[in-house]
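Take a look at the letters that make up each chain.
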Amino acid sequence: MIKSADNISMKTHFCKSLSIITTLLLLVTPLFADITYKVEKGDTLYSISRKYQITVAELRTANNLSENDVIKAGQKLIIPDADIGTAAALSSTKSAATTQPAGKTIEYVVAKGDTLYGIARKNGMSVADLMAINNLDSSAVIKIGQKLKVNASSTESVSKTTSTKTVEPAKPGETVIKVNEKAPDTRTYGTTITADANTKWPVSSPKITQVKGKISGVQLSAKTNEAVLCIHEGTVMYVGVYRGFGQVVFVQSKTGLIYAYTGLGSVKVRKGEYAVSGSELGTAGLDSISQKYQITFMVFQNGQPIDPAKAPRN
């Protein structure tokens, strides 16, 4: 009886341990998985993009949809990871690149079910890089048998398998995705300096802190509800909440640069408007982590960040 009791105890301990491990795996796996969304009646690409706080262009690209394609109830869509560099590249009206990134490339033949997002992910690239190598623009739709270039070095260390997490449609009044506003600050900061009086910034006399990593821009301190001004004229390409960045405005210059003003408290422009230099785009927002008024400012060329201090002003 004692031996039997010990066996029961060991089995119980094993089951509990297995349960804990399984729970941890369930919590971790979604971080590395695509999200598959099942379209409901009444859904549009715009409404789905708003739920997941990404751009419509990203949603189209991830599912190889043209601007004329119509989604239907029951259809399954891939929801791509939010990437503000890709969003900037896809918001541009110009082709993705005029020069190809350095490095060796190999040929990839498009198969059934492939998308630019999926091919980029398989080969350890960003969508912006894939578009640049192949001189594709933001409206590109790929076809079976089409030959694309991918980075040769990236294919050696990237798994070819992609897991997915299915998310059922939200019920009326429910939010499909929740943004954790109390998440730890994952930004990597550089040196903080005071703005040069001869360099124009979106806010007046800010303290400038370099932000590295995926963001690769600068954080600018601001006064409470301070006006955020356009530093280079251009067309407003995107206005909305972008996952991880709060309220965002993209302004594209005539040369194709995308100026990204993020973390805004309010927005005073609309998509399609032409913003002149010095005009008010919105106001600085209260950062949920630092609890200080500030914005994060980035400039992209072909989806790649460039030094905001060196970006053209007018």
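As the structure is a prediction and not an experimental result, all values here were calculated from the model.

Participant: Is there a simple way to explain the overall build of the chain in this structure?
Facilitator: Secondary structure assignment for the chain yields 6 helices and 16 strands. Taking all 314 residues of the chain together, the buried fraction comes to 41%. For the chain, the proportion of contacts with a sequence separation of at least 24, taken over those separated by at least 6, is 65%. As presented, the chain carries roughly 17,600 Å² of accessible surface, and 55% of it is formed by carbon and sulfur atoms.

Participant: Which parts of the structure should I look at to understand the packing of aromatic side chains?
Facilitator: Summed over the entire model, instances satisfying the criterion amount to 6 aromatic pairs. Taking the centre distance of 5.8 Å and the plane angle of 75 degrees together, the rings of Tyr37 and Tyr52 count as edge-to-face. With Tyr37 in strand β1 (residues 34–38) and Tyr52 in helix α2 (residues 45–52), this pair connects stretches of sequence that are 15 residues apart. Judged on exposure class, the residue Tyr37 and its partner Tyr52 are both buried. An aromatic cluster is present here, built from Trp201, Tyr259, Tyr261 and Phe297 joined pairwise through their rings.

Participant: Looking at this structure, how should I read the confidence of the model for the chain?
Facilitator: Should the pLDDT be low somewhere, the predicted coordinates at that spot are not to be read in detail. In this model, the chain carries a mean pLDDT of 80, and residues with pLDDT of at least 70 account for 74%. For the chain, per-element mean pLDDT is lowest for helix α1 (residues 2–28), which scores 46, and highest for strand β9 (residues 227–229), which scores 98. Low pLDDT (under 50) marks residues 14–32, which in the prediction has 4 contacts with non-local residues, meaning those over four places away or in another chain. The low-confidence segment residues 95–100, where pLDDT is below 50, has 16 contacts with residues more than four positions distant or belonging to other chains.

Participant: Please explain the pattern of salt bridges as it appears in this structure.
Facilitator: When their charged atoms lie close together, side chains carrying opposite charge are able to pair. All chains considered together, the criterion is met by 4 salt bridges. Residue Lys122 is joined to Asp114 by a salt bridge in which the shortest nitrogen-to-oxygen separation is 3.3 Å. The class for Asp114 is buried, based on a relative accessible area of 9%. A salt bridge links Glu280 to Lys268, with the shortest nitrogen-to-oxygen separation between them at 3.1 Å. Here Glu280, found in strand β14 (residues 280–286), pairs with Lys268, found in the loop between β12 (258–267) and β13 (274–275); they are 12 residues apart in sequence, far enough to count as distant. Residue classification places Lys268 among the exposed positions, given a relative accessible area of 52%.

Participant: Any chance you could explain unusual backbone geometry here in plain terms?
Facilitator: Most peptide bonds are trans, and most residues other than glycine sit at a negative phi. Even without glycine at this site, Gln53 takes up a positive phi of about 55 degrees. Gln53 gets classed as buried once you look at its relative accessible area, which sits at 17%. Phi is positive for Asn64, close to 55 degrees, though the residue is something other than glycine. Within the secondary structure, Asn64 sits in the loop between α3 (56–62) and β2 (76–79).

Participant: How do you make sense of the environment of Gln252 when you look at a structure like this?
Facilitator: With respect to the secondary-structure elements, Gln252 resides in strand β11 (residues 246–252). In sequence terms Gln252 and Thr93 are 159 residues apart; their C-alpha atoms lie 8.5 Å from each other. Polar contacts involving the side chain of Gln252 include one to the side chain of Ser92, which spans 3.0 Å.

Participant: What's the story with helix α4 (residues 84–91) in this structure? I'm lost.
Facilitator: Residues lying three or four places apart along an α-helix face the same way, a consequence of the helix completing one turn every 3.6 residues. Within α4, 8 of the 8 residues are buried, which leaves it mostly tucked inside the rest of the structure. Residues of α4 that are buried: Ile84, Gly85, Thr86, Ala87, Ala88, Ala89, Leu90 and Ser91. Its buried side turned inward, α4 meets α3, α6 (127–133), β10 (234–242), β11, β12 and β15 (293–301).

Procedures and definitions
Residues numbered from 1 in each chain as written. Predicted model: local features only at pLDDT ≥ 70, side-chain atom pairs only at ≥ 80, totals over all residues. Heavy atoms only, no water. Helix = DSSP H or I, 4+ residues; strand = E, 2+ residues; numbered from the N terminus. Buried < 20%, exposed > 50% of the residue type's maximum accessible area, 1.4 Å probe, protein only. Contact = heavy atoms within 4.5 Å. Areas by Shrake-Rupley, 256 points an atom, 1.4 Å probe, with all protein chains shown as cover. Phe/Tyr/Trp six-rings, centres within 6.5 Å; stacked < 30°, edge-to-face > 60°. pLDDT = per-residue confidence, 0-100. Salt bridge = Lys/Arg side-chain N within 4 Å of Asp/Glu carboxyl O. Polar contact = N/O pair within 3.5 Å; in protein donor to acceptor, adjacent residues only side chain to side chain.

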